[in-house]
Amino acid sequence: PDLSLDAHDGLLFEQVPLETIAHHVGTPCWVMSSGTLRKRAARLLGAMEAAGLSVSAHFAVKANDHLAVLRILSECELGADVVSGGELLRARKVGIPASKIVFSGVGKTDVELRLALEERIAQINVESVEELEIISALASGMDREINIVLRVNPDVDAKTHAKITTGVAGNKFGIPYDEALPLYRRARELPGVKAVGYAVHIGSQILTVAPYRAAYARIAELVRATRAEGLAVSVVDCGGGLGICYRDEGEGSPDAWAGAIRAELGDLDVRLAIEPGRWIAAPAGVLLASVVLRKAVTGGASFLVLNAAMNDLLRPSLYDAWHGIVPLSARDAMGKPEVVSVVGPVCESGDTFAQARLLPHLQRGAHVAILDTGAYGAVMSSTYNARPLAAEVLVDGHTWSVIRPRQTVEELWGNERFPDGSEEAA
Ligand code: LLP
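Residues numbered from 1 in each chain as written. Predicted model: local features only at pLDDT ≥ 70, side-chain atom pairs only at ≥ 80, totals over all residues.

Enquirer: Lay out the pairing of strand E11 (residues 193–199) with the relevant residues and their values.
Expert: Among the seven residues of E11, six are classified as buried, and the element is accordingly described as predominantly covered. Bridge analysis of strand E9 (residues 146–153) against E11 gives six bridges, and the strand direction is parallel. Its bridge partner being in E11, Ile-148 is matched across the sheet by Ala-195. Here E11 pairs with strand E12 (residues 235–237) via three bridges, running parallel. (Buried ≥ 20, exposed ≤ 12 C-beta atoms within 10 Å, placed from the backbone. Helix = DSSP H or I, 4+ residues; strand = E, 2+ residues; numbered from the N terminus. Pairing = 2+ DSSP bridges.)

Enquirer: Give a description of helix H7 (residues 177–189) that names residues and reports values.
Expert: What H7 keeps buried is the set Ala-180, Leu-181, Tyr-184 and Ala-187. Buried residues belonging to H7 abut helix H6 (129–141), E9, strand E10 (175–176), E11 and helix H8 (210–228). (Contact = placed C-beta atoms within 7 Å.)

Enquirer: Please provide a residue-by-residue account of H8, values included.
Expert: Taking 1.5 Å of rise per residue, 19 residues should cover 27 Å, and H8 covers 27 Å from first to last C-alpha, within 8% of that figure. Considered for burial, the residues of H8 that qualify are Pro-211, Tyr-212, Ala-215, Tyr-216, Arg-218, Ile-219, Leu-222, Val-223 and Thr-226. In an axial view of H8, the angular spread of the buried residues amounts to 155°, which keeps them on one side of the axis. H8 presents Arg-224 and Ala-228 as exposed residues on the side facing more than 90 degrees away from its buried surface. Looking at the buried side of H8, the elements it contacts are E9, H7, E11, E12 and helix H9 (254–265). Positive backbone phi, approximately 85°, marks Gly-230, located one or two places after H8. (Expected span 1.5 Å × (residues − 1). Arc of directions from axis to C-beta.)

Enquirer: Which residues make up the domain arrangement of the chain, and what values go with them?
Expert: Under the domain assignment used here, the chain contains domain 1 (3–32 + 283–413) and domain 2 (34–281). The distance between the C-alpha centroids of domain 1 and domain 2 comes to 33 Å. On the side of domain 2, 20 residues touch domain 1, which itself brings 22 residues to the contact. Sorting the residues of the side of domain 1 that touches domain 2 by element identifies helix H11 (315–319) and strand E20 (391–396) as the ones contributing at least two each. With four residues, the top contributor of residues to the side of domain 1 that touches domain 2 is E20. The residue inventory of the side of domain 1 that touches domain 2, partitioned by class, reads 14 nonpolar, four polar and four charged. (Domains from an automatic or database assignment. Nonpolar A, V, L, I, M, F, W, Y, C, P; charged D, E, K, R; others polar.)

Enquirer: If you had to explain the nonpolar core to someone new, which residues and values would you point to?
Expert: Judged by nonpolar contacts, the single largest core of 126 residues is most densely connected at Val-31, Tyr-198 and Ile-370. Here this core spans two domains, and each of domain 1 (3–32 + 283–413) and domain 2 (34–281) adds at least three residues to it. With sequence-adjacent residues up to four places away left out, Tyr-198 is seen in contact with Val-149, Leu-150, Val-152, Ala-180, Ile-219, Leu-222, Val-223 and Val-236. (Core = buried A, V, L, I, M, F, W, Y, C linked by C-beta atoms within 7 Å.)

Below, the structure written as structure tokens:
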């Protein structure tokens with residue numbers, strides 16, 4: 001990403017010293033880089049274009065739903081892939097046109113579906129026969145017609161973490177492959193819905209192209225079989241999932257992804273769509289934290305206890321995810337390395353950012369950045385242990401601004417009431 005180490009100012013994000021932000025805003029604090037977001041969005045779209053593909057890209061809002069982030073990406077011509085009414089309204093709030101919004105998810109409620117119909121979004125990605133019938137009934141009741149694509153489970157193993165793999169038979173996502181064509185037929189007969197194509201999303205943090213090729217080959221086969229029955233197919237949504245390099249695994253290649261799409265779907269004469277999240281946003285964010293104290297362990301690795309915790313960044317606890325941790329100050333970064341465990345203060349053993357990690361020697365009060373946290377970072381935060389949500393900052397070139405002030409403890413209980421309706425404990 002746009003991180004560099006300056007001998008005097010320490011770690012810079014774009015041109016802004018992160019120590020400056022830690023000093024003025026405090027920690028824990030999320031920092032996003034506008035420049036990185038723009039570059040990565042352009043890089044991804046450029047790869048599709050270079051492969052000769054005309055693809056509409058819908059940012060997976062779940063990865064980072066901050067309005068400022070969404071607005072930057074919408075300026076980069078991205079639409080939105082949403083999975084809730086809340087995400088739909090966030091996308092609309094920053095002016096993403098309804099014609100660039102697609103709605104995925106296994107359990108869209110009637111309220112959310114009505115909202116999608118009222119807003120006249122581009123398409124709903126349907127995940128079951130039950131859902132198809134509900135949408136048809138709601139749409140006809142509202143005298144509307146909505147484009148739908150069927151999300152197919154291609155039964156392809158994306159070889160990623162079990163908790164983020166979505167395209168193998170038996171998990172809750174998508175319509176079983178063999179049931180897709182019969183359902184497409186059925187959709188063509190139902191009022192209020194217009195079946196226009198298929199969607200597939202096999203998982204997240206995918207680093208090789210083989211699972212994509214396999215999934216898209218199956219979708220191409222399905223499109224041909226559907227057309228052979230005289231049914232029109234005009235859209236294929238290729239999902240998201242391209243992975244990034246957290247440690248040393250190498251980054252998923254946009255060119256290779258584009259190549260897979262072109263190889264398997266390029267000749268089908270369909271409108272193509274993608275739903276990238278992590279690849280664009282993850283390297284565009286870091287989480288700043290301070291060392292609360294060092295806890296020495298006789299005969300073992302010391303603990304570095306940070307003031308950030310699993311309630312801020314859940315990925316290490318939930319997926320054993322590896323995130324780089326680097327000191328902000330140039331002097332700390334040059335320090336003598338030692339092996340430590342980096343943990344948060346929350347009362348769970350799972351509140352661990354890194355085990356037996358080689359880091360420069362850091363004292364109480366030192367600042368660190370936890371890297372690649374721009375996707376599935378702040379959005380997955382909670383206030384567990386009555387820990388207010390961290391502040392958020394956006395850098396752009398030399399400038400930076402607070403895009404979300406740190407939540408206060410009073411805000412945490414601001415909506416709580418006693419059973420008698422009062423707000424006061426006394
Ligand atoms: N489209 C659909 C239908 C999805 O379910 C997802 C992600 C995406 C697109 C975007 O995938 P991406 O390009 O970001 O890989 N919290 C987990 C990741 C969950 C992904 C869920 N679906 C993590 O932190 O690794």
